[in-house]
Every structure is written in structure tokens, then in C-alpha cells.
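Each chain, written out:
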Amino acid sequence: MMGALTGRVAFVTGAASGIGRASAIALAAEGATVFVTDIDAEGGRETVAMIEAAGGTATFRAQDVVEEPRWAELVTRVMDLYGRLDILVNNAGIGTSGLITEVTLEQWNRQMDINVTSCFLGIKHALPAMRQPRPDGHVGGSIINISSVAGLGGSAGMSAYCASKGAVRLLTKAVAMECAAARDGIRCNSVHPGIIDTPIWQKLDTSGALSAALLGSSQPGANTIDVDAVGAGAPVGYAGRPEDIGAGVVFLASDASRYMTGSELVIDGGWTAH
Ligand SMILES: NC(=O)c1ccc[n+]([C@@H]2O[C@H](COP(=O)([O-])OP(=O)(O)OC[C@H]3O[C@@H](n4cnc5c(N)ncnc54)[C@H](O)[C@@H]3O)[C@@H](O)[C@H]2O)c1
């Protein structure tokens, strides 16, 4: 799909690392101008440099996705800079692990804020901009929310994360219904990655009894997760790469998926197939 997104403008959150970075790079490779945001300014600028080195166009702005005024500011900024917004990728996320009896209310609320409320805020503020007429006559747009296989099925030791990703799945479908009813041409779909080799696995709390509950075969007490070992549990026998998800994001962003809305794109090496 070379040049499938030429002229389009994409806003990607959490694009300093992992799946967000790979998605930003893949969108830019198809010709989209990418507005990269993250709390990690160094990583975000690195993503922009990678896009520019490949001949693409991108810009970085610092953003904490839980702050509503910043969403309003940045959507205005995109419109000032480019005059249009075609694609929103709500990707920023964290993983909170812990047995349900041990998760604190603070951890729960933070998990929900960063993984779910961020999507609500992003959609709320981006939609009016995405509904604006474009100079090239293009109508509509694509909202892509990164959920997880943890939004499709439960996982011991991951109740807060599963609840957050399940919420993203149904937020997506409700927004898809609203946009369809409004006949605005804007589609909204969720992506459900399986085990993908990104830094998120090193950021999970795996202390104490938790790691056994979380990973089954992991070493109790280990404080890092071997993503290759977890990925080996997928039917295909290995973890996916961030680019595998970036390819799905490009598909959902492009007109190739024009008849898809409210759908779940599962990219998991067969994790949920059995
Ligand atoms: N890696 C996997 O196996 C996997 C599987 C399923 C779903 N996911 C989801 O994919 C998305 C990306 O995860 P990843 O694996 O690339 O992780 P990652 O840790 O590599 O990247 C996440 C990015 O989000 C940013 N971020 C975190 N909190 C933020 C905040 N408040 N505001 C703005 N940015 C913030 C981080 O700085 C980081 O750059 C997440 O939503 C995650 O839940 C990942």
C-alpha cells in the first residue's frame, strides 16, 4: 500500500516507544504527516528523527494523555499547523499487574485514567476537528484504539489491565455507532495485540507471588519478564514485533478498511484462537 495515506494527518499517542513508535513510522511510510505525542520527550523526538531519516514528515509535542486541557491545545495545534486531522491512534498505555485483593485504588484509577479515560478525551477532542472539511475533499477519518487480547479474555493477576482494555473495546463500538449515525464517515475500530516485544514488559510490576499468577511458567519472584518465554506460549511459538501492529494500524487508517467500523482487529499469533 505505498502512499495509501498521502496527504493525511495522523495523531499518535504514546509514540515514543514500542507499538506507538512502530505505528507512527508505518503511517509516515505511507505518506501521512504524523503528530507524535508522549510523556517521554526524548523518545518522542527520536521517533520523529527516525521518520524524517526515512523521508517522512512528523512533529513531536509532549503530552500526558490524562490531561484534558492539553488534548484541547494539541488538537488546536494540529489544525493550526496542518488544517486537518484524519487519523487518531489512541495508543498510550501502561500495564498494572496485581492480584485483585492487592491492587490499590490508586493503581486501579491510574490504570483506568491512562488506558481508558485517555481514549475518551482523545476522541472527544479530536472528533470535531476530524469532522471539518478538507481542502482535497476527503471526508471522514479513522479512530484506532489500541486495546489488547486482555480486552477479549481474562488473565489472572491482570484484572485492572483487563478491565481497562475491555472498556476500550466497547468505547470503540459505541463511538463507531455514534459516528455511523452521524453519517460523518469517521470509523472507529480497536486493535488487539497479543504478546508483542516492547519495553512495556519491563515496566510491569512482577514482584512476589504475582509473577506466578501472571505468567504461569515464570520464575516466582523474578522482577523482569522474559517476553520471548511468554511469546513462546502463543500458538505460533513466538512474540510479535511492534511492526506487526503498525501494519494493522495502517490498514485501519487507510481507505482499504473503509467498510470496517466498530470492529476488533486481533493480531496475536493465534493467542485467542483456541
Ligand atoms: N506489548 C504488548 O505485548 C501489548 C499487548 C497488547 C496491548 N498493548 C498495548 O499497546 C499500547 C502500547 O504499548 P507498548 O507495548 O508499545 O508499550 P511501551 O511501554 O513501549 O509504550 C507505551 C508508551 O506510552 C507512553 N505513555 C505512558 N503513559 C503515558 C501518558 N500518561 N501520557 C502519554 N504517554 C504515555 C510511554 O511513555 C510509552 O512511550 C498500550 O496501550 C498497551 O497496553 C501492548
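Here, every reference points to the structure presented above.
Below or above, wherever it landed, is the structure these notes cover. In this text the structure is predicted, and so the values were computed from the model without any measurement.

Of the regular secondary structure elements, the protein holds 9 helices and 7 strands. Whereas a compact globule of 274 residues would reach a radius of gyration of roughly 19 Å, the protein reaches 18 Å, a difference of no more than 12%. The principal-axis extent of the C-alpha atoms belonging to the protein is close to 55 × 35 × 35 Å. Expressed as a percentage of its 274 residues, the buried residues of the protein come to 51%. A separation threshold of at least 6 residues defines the contact pool for the protein, and within that pool the share at least 24 residues apart is 70%. As displayed, the protein has an accessible area near 12100 Å², and 55% of this comes from carbon and sulfur atoms. Computing the positive centroid from 19 side-chain charges and the negative centroid from 27, the protein places the two 8 Å apart.

Throughout the structure, instances matching the rule amount to 2 aromatic pairs. When the centroid spacing of 5.1 Å and the interplanar angle of 25° are considered together, the rings of phenylalanine 11 and tryptophan 71 count as stacked. Remark: tryptophan 71 occurs in helix H3 (residues 68-82) and phenylalanine 11 occurs in strand S1 (residues 9-12); sequence separation between them is 60 residues. Tryptophan 71 gets classed as buried once you look at its relative accessible area, which sits at 0%. An aromatic cluster of three or more residues is present, and its members are Phe11, Phe35 and Trp71.

This part takes up the site of the ligand. In the neighbourhood of the ligand, 29 residues make up the surrounding shell, with Ser17, Asp38, Tyr161, Thr198 and Lys203 lying closest. The separation between an oxygen atom of the ligand and a polar side-chain atom of aspartate 38 is 2.6 Å. Here isoleucine 196 contributes a backbone N or O atom positioned 2.9 Å from an oxygen atom of the ligand. Considered on its own, the ligand offers 820 Å² of accessible surface; in the complex 96% of this is hidden by protein. For the shell around the ligand, the residue count by class is 15 nonpolar, 10 polar and 4 charged.

Reading across from one edge, S3-S2-S1-S4-S5-S6-S7 is the order of the 7 strands in this open sheet, with parallel pairing throughout. In the strand order of this sheet, the two ends are held by strand S3 (57-62) and strand S7 (264-267), each with one partner. Pairs of neighbouring strands in the sheet enclose a mean axial angle of 20°, with direction left out of account. Relative to strand S2 (residues 33-38), S1 runs parallel, the two sharing 4 bridges. Within S2, the position partnered with valine 12 by the bridge is valine 36. In the packing of helix H4 (residues 105-130) onto the sheet, the strands contacted are strand S4 (87-90), strand S5 (141-146) and strand S6 (186-193), and the crossing angle to S4 comes to about 175°. Where helix H5 (residues 159-182) meets the sheet, its contacts fall on S5, S6 and S7, and the angle it forms with S6 comes to roughly 160°.

Reading the values: the criteria
Residues numbered from 1 in each chain as written. Predicted model: local features only at pLDDT ≥ 70, side-chain atom pairs only at ≥ 80, totals over all residues. Heavy atoms only, no water. Helix = DSSP H or I, 4+ residues; strand = E, 2+ residues; numbered from the N terminus. Rg over C-alpha atoms; globule rule 2.2 N^0.38 Å. Buried < 20%, exposed > 50% of the residue type's maximum accessible area, 1.4 Å probe, protein only. Contact = heavy atoms within 4.5 Å. Areas by Shrake-Rupley, 256 points an atom, 1.4 Å probe, with all protein chains shown as cover. Lys, Arg positive; Asp, Glu negative; His and termini not counted. Charge placed at Lys NZ, Arg CZ, Asp CG, Glu CD. Phe/Tyr/Trp six-rings, centres within 6.5 Å; stacked < 30°, edge-to-face > 60°. Near = heavy atom within 4 Å. Polar contact = N/O pair within 3.5 Å; in protein donor to acceptor, adjacent residues only side chain to side chain. Nonpolar A, V, L, I, M, F, W, Y, C, P; charged D, E, K, R; others polar. Pairing = 2+ DSSP bridges. Axes fitted to C-alpha atoms, helices over the stretch in contact; angles between N-to-C directions.

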